[in-house]
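Geometric and topological summary
Spelled out from the first residue to the last, the chains are:
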Amino acid sequence: MPTSLTSPALEVVLQGLHESEIRCGIKNEPPAGGITAWIDFGSRTEKATFYGTIVGDRQVWPAADLIGAWLHETALRLFPDSPYAKTHKD
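Residues numbered from 1 in each chain as written. Predicted model: local features only at pLDDT ≥ 70, side-chain atom pairs only at ≥ 80, totals over all residues. Heavy atoms only, no water.

A look at the nonpolar core
In terms of nonpolar packing, the biggest core is built from 18 residues, with Leu-17, Ile-39, Ile-67, Trp-70, Leu-71 and Tyr-84 touching the most fellow members. Elements that contribute at least two residues to this core include exactly helix H1 (10-19), strand E2 (35-41), strand E3 (44-50), helix H2 (64-78) and helix H3 (83-87). The greatest single-element share of this core, amounting to six residues, is contributed by H2. Beyond its immediate chain neighbours, meaning those up to four positions away, Leu-71 contacts Leu-10, Val-13, Leu-14, Leu-17, Cys-24, Ile-26, Ala-37, Trp-38 and Ile-39. (Core = buried A, V, L, I, M, F, W, Y, C linked by side-chain atoms within 4.5 Å. Buried < 20%, exposed > 50% of the residue type's maximum accessible area, 1.4 Å probe, protein only. Helix = DSSP H or I, 4+ residues; strand = E, 2+ residues; numbered from the N terminus. Contact = heavy atoms within 4.5 Å.)

Spelled out as structure tokens, the structure:
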């Protein structure tokens, strides 16, 4: 299934996954552990960790759209028959 070029906003993804009964979460692991997003449905679980990057003298954290895109694309790939995937078919 092809994924769309633009993913829905993080809030829309989280709401859609919740309504489709697909468990997911986001947690931070300070000080330098990054932000981990996870998704599971039944016995399947997948995780990705997003780390901040140093730009000049400041640290830039991953934007919500990166985490939302990962959750969206992972849900479509792992659960193509879920209500979430059916809602977001191209």
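So, the pattern of salt bridges
Scanning all chains against the criterion turns up two salt bridges. When the shortest N-O distance is used, the salt bridge between Asp-40 and Arg-23 registers 3.3 Å. Here the residue Asp-40 occupies a position in strand E2, and Arg-23 occupies one in strand E1 (residues 23-28), the gap between them amounting to 17 residues. Overall, Arg-23 belongs to the exposed group, its relative accessible area being 53%. Residue Arg-77 pairs with Glu-46 through a salt bridge whose shortest N-O separation is 2.5 Å. Taken together, the positions of Arg-77 in helix H2 and Glu-46 in strand E3 put the pair 31 residues apart, joining distant regions of the chain. Judged by relative accessible area, which is 26%, Glu-46 ranks as partly exposed. (Salt bridge = Lys/Arg side-chain N within 4 Å of Asp/Glu carboxyl O.)

Comments concerning the sheet that holds E1
A sheet is described by the order of its strands in space; here three strands give the open sequence E1-E2-E3, paired in antiparallel fashion. On the outer flanks of this sheet lie E1 and E3, each paired with one strand and no other. Averaged over neighbouring strand pairs, the angle between their axes works out to 15 degrees when direction is ignored. This element, H2, spans E1, E2 and E3 of the sheet and lies at about 20 degrees to E2. (Pairing = 2+ DSSP bridges. Axes fitted to C-alpha atoms, helices over the stretch in contact; angles between N-to-C directions.)

Thoughts on the pairing of E2
Looking along a regular strand, one sees the side chains alternate between the two faces of the sheet. Across the seven residues that make up E2, a large majority, five, are buried. Relative to E2, E1 runs antiparallel, the two being bridged by six bridges. Looking across to E2, one finds that Arg-23 is bridged to Asp-40. Counted between consecutive antiparallel strands, the loop separating E1 from E2 contains six residues, among which Gly-34 sits at a positive phi close to 80 degrees. Here seven bridges tie E2 to E3, and the two strands are oriented antiparallel to one another.

Regarding the confidence of the model for the protein
With 83% of its residues at a pLDDT of 70 or more, the protein shows a mean pLDDT of 84. The spread of mean pLDDT over the elements of the protein runs between strand E4 (residues 53-55), the lowest at 65, and H3, the highest at 95. (pLDDT = per-residue confidence, 0-100.)

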